[in-house]
Amino acid sequence: MADNTVFDVAILGGGPAGYTAAFRAAQYGLKVALIEKTDKLGGTCLHVGCVPTKALLFNAEVWDHLKHGSEFGIDLGEGVTPKLNWSAVQQRKNGIVVKHTKGLDFLVKKNKVTRIEGFASLTGPAQAGVHTVDVSATDGTVTQVQAKNVFLATGSEAKMLPGLTADDRILTNIEILALPEPPKSLIVIGAGAVGVEFSSIFRSFGAEVAILEFLPRIVPVEDEEVSKELTRLFKKRGIDVNTGAKVETVEKTETGVKVTYTDANGKPQVKEAEKVLVAVGRYGRTTGIGLEKTKVELERGLIKVNDAQETAEPGVFAIGDIVFGLPQLAHVGMMSGMVAAAKVAGKKYRPVRHDRIPGCTYCEPPIGSVGLTETQAKEKGYEVKVGKFPMAGNSKATILGSHDGFVKVVSEAKYGEILGVHILGAQATELIAEAVTVLELEGTVEEMMFTIHAHPTLSESLLDGYGAVEGMAINA
Ligand SMILES: Cc1cc2nc3c(=O)[nH]c(=O)nc-3n(C[C@H](O)[C@H](O)[C@H](O)COP(=O)(O)OP(=O)(O)OC[C@H]3O[C@@H](n4cnc5c(N)ncnc54)[C@H](O)[C@@H]3O)c2cc1C
């Protein structure tokens with residue numbers, strides 16, 4: 001900046017971690033500069049992640065309902081079949097993104113945050129307590145921003161398999177969100193949250209989908225029983241799920257792509273499809289931002305921080321997807337930003353608790369989970385008591401025509417403290433909020449068994465899940 005402003009905080013990156021930290025720091029009365037290399041705030045989450053995928057998933061859900069319209073008494077008339085208008089689907093998705101991008105522009109102004117466009121990098125350690133950040137504009141001009149504290153929030157990017165580049169057939173989350181029409185067939189490499197979300201969405205839109213996952217189970221961070229049941233339900237929907245699959249080559253053919261892999265029995269296999277989605281994880285954007293001129297420490301390409309999100313370089317914090325040891329989720333990025341802002345403002349804060357992070361996978365049916373899986377609880381030495389309630393016994397799930405899945409409650413035997421909740425089923429990603437609160441307040445099975453849940457609601461499945469720990473679910 002040409003002037004001599006010294007900001008309290010300069011934030012590198014305007015994704016969910018960066019903008020949340022900016023607004024919270026401003027609410028504390030700090031002077032904030034938010035530096036974003038593109039002309040839009042919102043990052044991966046708003047433009048090519050959480051929001052557009054969930055818009056497509058909602059369309060897929062509406063479409064699925066319409067395909068089974070007669071079950072709901074919706075008769076389109078003799079000889080009329082529902083038709084998918086893909087460009088309208090895309091338009092709706094894009095409209096949602098635009099609306100919320102404008103919302104962020106408004107919030108920047110409302111919070112009196114100084115917004116700066118350009119690629120930011122640290123110039124080195126602070127001099128007399130002030131950091132200098134170089135900001136390169138697209139026209140090559142470089143200006144400098146000065147701040148007492150710096151938050152690194154540059155996010156992450158999709159990893160590619162060696163030797164591959166994304167294009168119109170080899171896709172990452174970016175290209176797949178802008179397809180001119182749904183593919184007729186799709187191979188998905190990687191069955192973490194991103195892989196299963198797109199598998200589910202495009203299966204609903206009619207694609208033949210094959211999943212190739214290297215690990216022995218899909219959604220490998222979830223409770224084993226969740227992985228097993230989701231596999232069964234995906235297969236029932238016609239998704240070809242292959243675990244223990246080691247991808248060897250990905251080649252383009254005349255009409256699409258060919259993937260060779262070694263299956264779980266060590267046998268070579270080949271699959272062909274119109275497109276392939278590579279969803280094998282994300283790397284942190286930690287290069288080119290001047291870290292080598294600081295004491296910031298990296299582990300596996302991500303930044304090491306303490307409980308207050310501070311790096312080893314005084315006055316430099318890291319938040320969001322670039323942080324080592326935190327799951328790469330928008331809500332984790334947002335909370336880590338709020339922690340860092342509170343620390344700088346000298347306010348009370350609570351560190352991000354790894355065992356209190358809701359994990360949500362937005363497929364059909366969705367997954368919501370928090371806390372320890374059954375296996376993790378046992379490994380930690382707890383005497384474990386588990387309750388499981390099938391969604392089939394929940395009347396609201398039946399009303400919605402979506403009664404697959406279950407609620408699984410993991411508790412410890414001595415005091416009945418709830419250690420983990422794992423939901424596979426309708427609205428699991430919404431329902432999990434109750435379980436997060438229960439864990440946060442160290443709730444017990446007994447307390448929750450006497451907590452009134454409205455009827456008929458999906459949340460009653462949690463009440464039955466707590467009851468199931470004592471063998472006393474009412475509806476199963
Ligand atoms: C397909 C998909 C679906 C997802 N769905 C969900 C979901 O439903 N729920 C969920 O919680 N998470 C979801 N995620 C993860 C979520 O998108 C990320 O965790 C989140 O975006 C991380 O936020 P961030 O602010 O750390 O980084 P980003 O969102 O990546 O933002 C970083 C920002 O920094 C900018 N930047 C980078 N380098 C510089 C620089 N040097 N100078 C200035 N600016 C810079 C970038 O342009 C970008 O705007 C999804 C991810 C994907 C790929």
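Note that the structure is predicted; figures quoted are calculated from it, not measured.

A. Main features of the overall build of the protein. A count of helices and strands for the protein gives 13 helices and 24 strands. The C-alpha radius of gyration of the protein comes to 24 Å, within 12% of the 23 Å expected for a compact globule of 476 residues. Expressed along its principal axes, the backbone C-alpha trace of the protein runs to roughly 70 × 65 × 50 Å. Residues counted as buried form 49% of the 476 residues belonging to the protein. Look at the contacts in the protein between residues 6 or more apart in sequence, and 63% of them connect residues 24 or more apart. Summed over its atoms, the accessible surface of the protein is roughly 22400 Å², and 53% of this surface lies on carbon and sulfur atoms. Each charge class in the protein was averaged separately, 51 positive and 57 negative side chains, and the resulting centres sit 3 Å apart.

B. The arrangement of unusual backbone geometry in detail. Here E364 and P365 are connected by a cis peptide whose omega angle stands at -5°. Mapping P365 onto the fold places it in the loop between strand 20 (359-361) and strand 21 (367-371). That bond from H455 to P456 is cis: its omega, -10°, falls within 30 degrees of zero. One can find P456 in the loop between helix 12 (445-449) and helix 13 (460-469). Even without being glycine, R300 reaches a positive phi, approximately 45°. Looking at where R300 falls in the secondary structure, it is placed in the loop between strand 17 (298-299) and strand 18 (302-303).

C. Molecular detail of the site of the ligand. Close contacts around the ligand come from 37 residues, with E36, T44, K54, D321 and A330 the closest. Contact between the ligand and P16: an oxygen atom at 3.3 Å from a main-chain N or O atom of the residue. K37 has a polar backbone atom sitting 3.1 Å from a nitrogen atom of the ligand. Relative to its unbound accessible area of 1000 Å², the ligand is 96% covered by the protein chains.

D. Spatial organisation of the packing of helix 11 (residues 428-440) against helix 13. Remark: helix 11 packs on helix 13, axes separated minimally by 9 Å, with the N-to-C direction vectors making an angle of 45°. With respect to each other, helix 11 and helix 13 are oriented oblique. Seen from helix 11, the contacting residues are L431, E434 and V438; seen from helix 13, they are S461, L462 and Y466. Among the residues making up the contact of helix 11 with helix 13, the classes are represented as 4 nonpolar, 1 polar and 1 charged.

E. Looking closely at the nonpolar core. Counting 35 residues, the largest nonpolar core has F202, I211 and F234 as its most contacted members. Within the residue set of this core, elements represented by two or more residues are helix 3 (50-67), helix 4 (86-110), strand 9 (185-189), helix 6 (193-204), strand 10 (208-212) and helix 7 (224-236). For F202, the residues in contact, after removing those within four places along its chain, are W86, I176, L179, P182, P183, L186, A207 and V209. In terms of nonpolar packing, the next biggest core, distinct from the first, is built from 27 residues, F7, L122, L326 and V339 among them.

F. Highlighting the sheet that holds strand 20. Across the sheet, 5 strands lie side by side as 20-21-24-23-22; this open sheet has antiparallel pairing. The open sheet is flanked by strand 20 and strand 22 (384-390), the only strands paired with a single partner. If you compare each strand with its neighbour and ignore which way they point, the axes differ by 10° on average. The pairing of strand 21 with strand 24 (residues 418-424) spans 5 bridges and is classified as antiparallel. Residue pairing across strands places G371 opposite G420, the latter belonging to strand 24.

Calculation criteria
Residues numbered from 1 in each chain as written. Predicted model: local features only at pLDDT ≥ 70, side-chain atom pairs only at ≥ 80, totals over all residues. Heavy atoms only, no water. Helix = DSSP H or I, 4+ residues; strand = E, 2+ residues; numbered from the N terminus. Rg over C-alpha atoms; globule rule 2.2 N^0.38 Å. Buried < 20%, exposed > 50% of the residue type's maximum accessible area, 1.4 Å probe, protein only. Contact = heavy atoms within 4.5 Å. Areas by Shrake-Rupley, 256 points an atom, 1.4 Å probe, with all protein chains shown as cover. Lys, Arg positive; Asp, Glu negative; His and termini not counted. Charge placed at Lys NZ, Arg CZ, Asp CG, Glu CD. Near = heavy atom within 4 Å. Polar contact = N/O pair within 3.5 Å; in protein donor to acceptor, adjacent residues only side chain to side chain. Axes fitted to C-alpha atoms, helices over the stretch in contact; angles between N-to-C directions. Parallel < 35°, antiparallel > 145°, perpendicular 65-115°, else oblique. Nonpolar A, V, L, I, M, F, W, Y, C, P; charged D, E, K, R; others polar. Core = buried A, V, L, I, M, F, W, Y, C linked by side-chain atoms within 4.5 Å. Pairing = 2+ DSSP bridges.

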